[in-house]
Amino acid sequence: MSSETGADGREREPEPEHARDEEAVSRFVERFAADMTEAGMQRMASRVFAALLADDDGSMTSAELSEQLRISPAAVSGAINYLTQVSMVGRERDPGSRRDRYRLHNEIWYATFASRDRVLTRWERTLKEGAQTLGPDTPAGARLAETAEFFEFLQTELVGLMDRWRDHRKKFDLPERKS
């Protein structure tokens, strides 16, 4: 690797081809977080998730998140609690450290949608029971039955869609992420 001469006349190593522009990264994090918030996710959870998504190894400590996002440790904690509840982020501890590290799960979108399958199953079952309780011939019962049918259809399509995604993903030369 060759060196370059800087403005001060001293030799320095050239910057890597894909040097991070931290200001641009911050703008991306805030923009994607705003998109997720608009879709219904909690604001701080959206910001923390977007920061983890933009991190090279998808893993940060509370202090790192707090510093990058300029938020309090309490705000990080609340966001992490939400993200772990919905299985979007996991906690781990570095060997010999007392600090928690928060990491995106492998194949985060696949896992997120797959976990929604269990939610849809529960909703479908409850809606079908509700339709029976209200009476299938009543307007409310018919509405619940149609909603249950929609969720059943969605689940069937989601299974096929996820299988197709796994096949499609194989076409990419993406590095395997560690757990």
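Provided above is the structure to which this section pertains.
A short tour of the structure in this document, coming up.

1. Comments concerning the side chain of arginine 47
Alright, step 1. One can find arginine 47 in helix α2 (residues 43-54).
Alright, step 2. In this structure the side chain of arginine 47 is engaged in a polar contact, spanning 2.8 Å, whose partner is the side chain of glutamate 30.
Alright, step 3. Beyond its immediate stretch of four places on either side in the chain, arginine 47 contacts Val29, Glu30, Ala33, Leu69 and Ile71.

2. Points about unusual backbone geometry
Alright, step 1. Within the chain, arginine 70 stands out as a residue other than glycine whose phi angle is a positive 55 degrees.
Alright, step 2. Tracing the sequence through the fold places arginine 70 in the loop between α3 (62-69) and α4 (73-85).
Alright, step 3. Given the relative accessible area of 74%, arginine 70 is considered exposed.
Alright, step 4. The residue serine 87 is not glycine, and still its phi comes out positive at about 60 degrees.
Alright, step 5. Within the secondary structure, serine 87 sits in the loop between α4 and β4 (89-93).

3. Side note on the environment of serine 46
Alright, step 1. Mapped onto the fold, serine 46 is located in helix α2.
Alright, step 2. What makes serine 46 buried here is its relative accessible area of 0%.
Alright, step 3. When the C-alpha positions of serine 46 and alanine 33 are compared, they lie 4.6 Å apart, and in sequence the two are 13 residues distant.
Alright, step 4. The residues contacting serine 46, other than those within four sequence positions of it, are Ala33, Met36, Thr37 and Met41.

4. Examining the pattern of salt bridges
Alright, step 1. Here the structure, examined in full by the defined rule, presents 12 salt bridges.
Alright, step 2. One salt bridge connects arginine 101 with glutamate 64, and the closest N-O pair in it is separated by 3.5 Å. Linking arginine 101 in strand β5 (residues 100-104) with glutamate 64 in helix α3, this pair joins segments that are 37 residues apart in sequence.
Alright, step 3. The partly exposed category is assigned to glutamate 64, whose relative accessible area is 34%.
Alright, step 4. In this structure, the salt-bridge partner of glutamate 152 is lysine 128, at a minimum N-O distance of 3.3 Å. Of the two residues, glutamate 152 is situated in helix α6 (residues 139-169) and lysine 128 in helix α5 (residues 108-134); the sequence distance between them amounts to 24 residues.
Alright, step 5. According to the relative accessible area criterion, glutamate 152 is partly exposed, its value standing at 31%.
Alright, step 6. A single salt-bridge network, built from bridges that share partners, covers Arg20, Glu22 and Asp56.

Calculation rules
- Residues numbered from 1 in each chain as written.
- Predicted model: local features only at pLDDT ≥ 70, side-chain atom pairs only at ≥ 80, totals over all residues.
- Heavy atoms only, no water.
- Helix = DSSP H or I, 4+ residues; strand = E, 2+ residues; numbered from the N terminus.
- Polar contact = N/O pair within 3.5 Å; in protein donor to acceptor, adjacent residues only side chain to side chain.
- Contact = heavy atoms within 4.5 Å.
- Buried < 20%, exposed > 50% of the residue type's maximum accessible area, 1.4 Å probe, protein only.
- Salt bridge = Lys/Arg side-chain N within 4 Å of Asp/Glu carboxyl O.

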